[in-house]
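Reading the structure
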Amino acid sequence: MECTECGAPGRPGALTDGLCRNCRRSGREADPAPEVLPAERDVRTYVAGLRDLLKAP
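Fair warning: this is a prediction, and the values are worked out from it, not measured in the lab.

Definitions and limits used
Residues numbered from 1 in each chain as written. Predicted model: local features only at pLDDT ≥ 70, side-chain atom pairs only at ≥ 80, totals over all residues. Heavy atoms only, no water. Salt bridge = Lys/Arg side-chain N within 4 Å of Asp/Glu carboxyl O. Helix = DSSP H or I, 4+ residues; strand = E, 2+ residues; numbered from the N terminus. Buried < 20%, exposed > 50% of the residue type's maximum accessible area, 1.4 Å probe, protein only. Patch = residues over 30% accessible without salt bridge, like charges linked within 9 Å, V, L, I, M, F, W, Y side chains within 5 Å. Areas by Shrake-Rupley, 256 points an atom, 1.4 Å probe, with all protein chains shown as cover.

A separate point is the pattern of salt bridges. Scanning all chains against the criterion turns up 1 salt bridge. Note that R44 and E40 form a salt bridge whose closest N and O atoms lie 2.8 Å from each other. With R44 and E40 both in helix α2 (residues 40–55), this residue pair falls 4 residues apart, about one helical turn. Here the two residues R44 and E40 agree in accessibility, since each one is exposed.

It is worth spelling out a nonpolar patch on the surface at this point. A surface patch of nonpolar side chains, about 350 Å² in accessible area, is lined by Y46, L50 and L53. Inspection of the secondary structure puts Y46 in helix α2. Take Y46: its relative accessible area is 56%, and that puts it in the exposed class.

Okay, structure coming up:
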């Protein structure tokens, strides 16, 4: 198997998500994933709507 990014050969267990260690490291440093959390009131509104749906016949 090969790394999908750079083509480096490797065992399947070493190529997590198809990437070698170097490509996984460079991807994390270059593009950190932003963490988006919903507001508490949005979650409460959503759950209240789900509860209403469960009560309806």
